[in-house]
Structures are given as C-alpha cells and as structure tokens.
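Breakdown of the fold
Now for the letters of each chain:
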Amino acid sequence: MPYVTNSGLTVRPLSNALGAEISGIDITGDISQEQVDAIRSIWNQYHIILFRGVKWTPEEQIAFSRRFGPLDPHDATPFSRDEKHKELLVVTNRERNGKPSESRNTGRNWHSDYAYTGQPSAASMLYSVEMPEAGGDTMFCNMAAAYDDLSDKMKDIVGDLHSVYDFSLVAGLAQRTPEYVQEQLRLNPPVAHPTVRVHPDSGTKALYVSERASHFDGMTRAESLPLIEYLCAHATRPENVYRHSWLPGDMVCWDNRTTMHVALADFDPKEPRHMLRTTLQGEKSGYLVPGVLGAA
Ligand code: OGA
Ligand code: MN
C-alpha cells in the first residue's frame with residue numbers, strides 16, 4: 001500500500017524484496033535539503049528508488065544527482081561517457097559517431113557498478129530516454145537480505161574473504177572492439193574488495209560479490225567458483241529480485257553497496273534503447289592483485 005511520509009512524499013513499494021516508487025515531488029525543480037534527506041532515507045530503506053514521468057535536460061539530471069554526493073567522472077569507462085558532460089554515461093544502442101555503441105550491451109551479467117575499480121560506485125541513477133516497445137528490462141537484487149539470509153557460519157566464512165574482480169568477466173566483450181577491450185583492461189587491472197561490506201550511512205551489512213568476481217584472493221579459481229556461484233544464485237533467487245519494466249521518463253536510482261543488477265537482452269536490438277546515467281562516487285576500497293589477468 002502506498003503511504004505518505006512526514007515530508008509529503010508518497011512511497012509505493014515495488015516488490016517485497018526491494019525498491020520503492022517515490023511520487024508527490026517534482027525532481028526537475030528546486031528541491032529542499034529536507035526533501036533530499038527524506039529521499040535518501042527512503043533510498044537507504046528500499047535500496048532502489050524510482051521516479052516516473054521525469055522530463056529534463058542533462059544539466060538538470062546532473063544537478064539533481066549532485067545533491068546526493070560527488071559524481072564520478074567515469075574515467076574507468078571513457079568510451080561510454082557523454083562528450084560534453086563527463087558526469088553522464090550514455091547507455092545506448094543508438095549509433096555513436098557513426099559506429100555501433102560500445103555500451104549497447106552494457107550490464108549483461110549480475111554486477112555492482114565499478115566493482116572492477118578501486119573506487120566502486122556508491123550509487124547509479126539511470127534515466128530512460130527511449131525504450132523498445134517490449135522488454136529492455138533491468139533486474140535488481142537485494143544484497144543486504146542475501147547476507148542476512150546466510151547461516152552464521154557462512155557469514156563468518158564470507159566475512160574473511162576478498163573477491164577479485166576482473167574486467168574480462170564483464171559479459172558481452174566479444175561484441176565490442178578489440179581496442180575497447182584492451183583499453184578497458186589496461187584502465188582496470190584486477191582488484192580485490194571485501195566480500196561483506198558495511199553501508200556507511202545505514203550500517204547495514206551486505207554481500208559484495210558478483211558474476212564478475214573471478215576468485216577469492218588467496219584461493220584458486222577452482223576452489224572459489226563453487227562458492228561464488230552459490231552466493232550469486234542465493235542472492236538472485238526470484239523472491240529476492242525486483243524486475244523493472246522501463247517507461248521513457250523513468251529515473252531509477254540504485255545503491256551499489258546493497259544491490260546487484262543485470263540488464264536483460266529481452267528486446268529487439270533493432271529498436272532503440274537510450275539511457276543516461278549519473279554515478280555517485282563511492283569510497284576508495286580494495287587493493288590491486290598483481291599477476292591475475294584474463295581469468296578463464
Ligand atoms: C548500468 C547498467 C542497466 C541497463 O548502467 O550500470 O548496468 O538496464 N545498465 O541498462
Ligand atoms: Mn551496471
């Protein structure tokens with residue numbers, strides 16, 4: 001059931017697992033600090049928030065996003081950022097400069113944004129400009145619930161592990177240009193992060209592992225993979241997932257510290273799908289793992 005908060009925002013949960021639509025506010029206009037705080041507290045509670053019917057310019061999207069923290073200049077993925085605004089990542093299958101877009105198959109396996117860097121994103125805010133007639137959905141899962149649902153013994157085990165992220169495990173690289181892949185691997189050498197992270201605002205513990213983790217530091221890939229696969233399967237059980245069917249004008253904001261997401265190839269690739277993303281910079285985390293490249 002939708003409810004109205006003290007600050008006058010209407011909140012409608014999107015699934016039992018995570019996600020809430022916020023209405024009763026025009027985010028394209030001036031919003032007060034009190035409203036920013038109210039949105040942040042709903043966001044911390046539901047991990048994903050949705051605003052519908054948004055119409056704005058890139059500058060307005062950037063200004064709104066910046067109210068929630070410093071924005072990432074997307075140095076880890078320079079191919080996909082907007083030429084005029086480095087705070088804007090263009091997730092599109094429209095041609096760019098007369099060539100197929102390198103971001104046309106972004107996010108095709110479960111992940112948290114920029115986990116393969118030393119500064120994983122705190123949050124991402126994706127605005128839908130143009131969507132295919134059917135499909136083009138994104139699924140999200142709740143990594144705080146995934147952690148809570150583990151046994152105490154498994155919590156101890158994963159709490160001791162660092163996951164090594166390897167850019168070569170990003171899905172869909174075979175369809176991108178060799179120059180893109182080579183440059184992305186150069187920019188993003190393998191990095192290890194704690195497999196359990198504590199959310200800096202809420203103190204919530206969340207599982208932090210994904211289909212882009214190659215192994216646990218100090219363990220072989222053969223030893224690690226069964227546990228990585230188990231944790232991903234556990235986290236992405238249908239009852240722990242919200243599946244978003246986009247309308248143009250949707251702004252979906254997800255917390256990368258407490259969720260994973262995957263972009264589905266469930267649409268006709270001849271139809272345009274065009275989105276603009278801003279990214280809230282996270283804390284520096286992890287350490288580089290030398291000598292581990294190109295996990296099989
Ligand atoms: C992203 C991403 C999801 C989508 O922008 O980080 O994974 O559905 N995109 O396009
Ligand atoms: Mn993503």
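Sequence order sets the numbering: in each chain, residues are counted from 1 along the sequence as written. Here the convention is simple: chains get letters from A, ligands get numbers from 1, in the order in which they are written. pLDDT decides what is reported in this predicted model: residues at 70 or higher carry local features, side-chain atom pairs at 80 or more are listed and counted, and totals for whole chains, interfaces and linings draw on all residues regardless. Only hydrogens and water are set aside; all other atoms, that is, all heavy atoms of the structure, feed into the side-chain values.

**Some points on the coordination of the manganese ion (ligand 2)**
Which entries qualify depends on this criterion: The rule for donors is simple: N, O or S, within 2.8 Å of the metal, or within 3.2 Å if the metal is Na, K or Ca. Water isn't counted, so a site may look like it is missing partners. Only runs of H or I of at least four residues qualify as helices and only runs of E of at least two qualify as strands under DSSP, and these elements are numbered from the N terminus. The buried label applies to any residue whose accessible area, calculated with a 1.4 Å probe on protein chains only, is under 20% of its type's maximum; exposed applies above 50%, and partly exposed to all values in between.
Coordination of the manganese ion (ligand 2) by the protein involves His111 (NE2), Asp113 (OD) and His261 (NE2), with metal-donor separations of 2.1 to 2.2 Å. Motif for the manganese ion (ligand 2), donor spacing along one chain: H-x1-D-x147-H. Remark: histidine 261 occurs in strand S15 (residues 259–263) and histidine 111 occurs in the loop between strand S5 (89–92) and strand S6 (123–130); sequence separation between them is 150 residues. Both residues of the pair, histidine 111 and histidine 261, belong to the buried class.

**Comments concerning the sheet that holds strand S12 (residues 213–216)**
Formally: The criterion for strand pairing is that DSSP finds at least two bridges linking the strands in question.
If you trace the 4 strands from one edge of the open sheet to the other, you get S12-S8-S9-S17, paired in antiparallel fashion. Lying at the two open borders of the sheet, with one neighbouring strand each, are S12 and strand S17 (287–288). Here 3 bridges tie strand S8 (residues 162–165) to S12, and the two strands are oriented antiparallel to one another. Bridge pairing in S12 places serine 163 opposite phenylalanine 216.

**Some words on the site of ligand 1**
Filter applied, for reference: Whether a residue is near a molecule or strand depends on its heavy atoms: if one lies within 4 Å, it is near. Residues adjacent in sequence count toward polar contacts only when both atoms are side-chain atoms; beyond that, a polar contact is any pair of N or O atoms within 3.5 Å, and within protein one must be able to donate a hydrogen and the other to accept it. Here, Shrake-Rupley sampling with a 1.4 Å probe gives the accessible areas, and only protein chains in the shown set may cover a residue. Note on definitions: the grid is 1 Å and covers protein atoms alone; a cavity is a set of points where a 1.4 Å probe fits but cannot get out; a pocket is an open set with protein on both sides within 12 Å along at least five of seven lines; lining residues have an atom within 4 Å of a point. The rule for placing a molecule in a cavity or pocket is simple: more than half of its atoms must lie within 2 Å of the grid points.
Taken together, Val91, Thr106, Gly107, His111, Asp113, Leu126, Thr138, Trp254, His261, Ala263, Arg273 and Arg277 make up the full set of residues near ligand 1. At a separation of 2.7 Å, an oxygen atom of ligand 1 approaches a polar side-chain atom of arginine 273. Within the side chain of arginine 277, an N or O atom sits 2.5 Å from an oxygen atom of ligand 1. Taken by itself ligand 1 offers 290 Å² of open surface, and the protein chains cover 99% of this. Counting atoms within 2 Å of the grid points, the majority share of ligand 1 lands in the largest cavity.

**Thoughts on the nonpolar core**
Note the cut-off: Buried Ala, Val, Leu, Ile, Met, Phe, Trp, Tyr and Cys residues that are joined via side-chain atoms within 4.5 Å together make up what is termed a nonpolar core.
Core analysis: the largest hydrophobic core is formed by 37 residues, its most contacted members being Met143, Val158, Leu207, Val209 and Leu231. The set of elements that each furnish at least two residues to this core consists of helix H3 (143–148), helix H4 (152–159), helix H5 (178–187), strand S11 (205–207), S12, helix H6 (221–235) and S15. The dominant element in this core, judged by the number of residues it contributes, is H6, at 5 residues. The next biggest cluster of nonpolar side chains, apart from the first, holds 31 residues, and it includes Leu9, Val36, Phe51 and Tyr127.

**Comments concerning the side chain of histidine 234**
Operational definition: Whether two residues are in contact is decided by their heavy atoms: any pair within 4.5 Å suffices.
Along the chain, the position of histidine 234 falls in helix H6. Among all residues touching histidine 234, those that are not within four sequence positions of it are Ala146, Asp149 and Leu150.

**Focus on empty space enclosed by the protein**
A water-sized probe, rolled over the atoms, reveals where empty space remains. In plain terms, the rule: Grid points are joined across faces, edges and corners, and a volume is the space filled by probe spheres set on the points. Here the nonpolar group is Ala, Val, Leu, Ile, Met, Phe, Trp, Tyr, Cys and Pro; Asp, Glu, Lys and Arg are the charged ones; every other residue, Gly included, is treated as polar.
Applying the stated rule across the entire model yields 3 cavities of 30 Å³ or more. The volume enclosed by the largest cavity comes to roughly 370 Å³. Lining the largest cavity are 25 residues, and of these Thr106, Gly107, His111, Asp113 and Arg277 sit closest to its centre. Those elements that place two or more of their residues in the lining of the largest cavity are S5, H5 and S15. Looking at the lining of the largest cavity, its residues break down into 10 nonpolar, 9 polar and 6 charged. Of the voids in this model, the second largest cavity is the one considered here, and its volume is about 60 Å³.

**Some details on the sheet that holds strand S7 (residues 138–142)**
Within a sheet, adjacent strands bond to each other through the backbone by hydrogen bonds, running parallel or antiparallel. Applicable threshold: Interaxial angle, 0 to 180 degrees, is taken between N-to-C directions of lines fitted to C-alpha atoms, where a helix line uses only the stretch in contact.
Across the sheet, which stays open at both edges, the 3 strands sit in the order S13-S7-S15 with antiparallel pairing between neighbours. Edge positions in the sheet fall to strand S13 (241–244) and S15, since each has one partner strand and no second. In this sheet, neighbouring strand axes are inclined to one another by 20° on average, regardless of whether the strands run parallel or antiparallel. As paired strands, S7 and S13 are joined by 4 bridges and run antiparallel to one another. Looking at the pairing, phenylalanine 140 lines up with tyrosine 242 of S13.

**Topic: the pairing of strand S14 (residues 251–255)**
Each regular strand shows side chains that alternate between the opposite faces of the sheet. Counted residue by residue, S14 has 5 buried out of 5 residues, so it is predominantly covered. Alignment of strand S4 (residues 48–51) against S14, held across 4 bridges, turns out to be antiparallel. Bridging across to S14, phenylalanine 51 finds its partner in methionine 251. Relative to S14, S6 is paired through 5 bridges, and the arrangement is antiparallel. Within the sheet, the bridge partner assigned to serine 124 lies in S14 and is tryptophan 254.

**Let's talk about the environment of glutamate 239**
Within the secondary structure, glutamate 239 sits in the loop between H6 and S13. For the pair glutamate 239 and asparagine 142, spaced 97 residues apart in sequence, the C-alpha to C-alpha distance is 9.7 Å.

**Side note on H5**
Residues three or four positions apart in an α-helix share a direction because the helix packs 3.6 residues into each turn. Selection criterion: The directions from the helix axis to the C-beta atoms are what the arc is built from.
When we look at burial in H5, the residues that qualify are Tyr180, Val181 and Gln184. The buried residues of H5 occupy an angular sector of 95° when projected down its axis, which confines them to one face. Turned more than 90 degrees off the buried face of H5, the exposed positions are Pro178, Glu179, Gln182 and Arg186.

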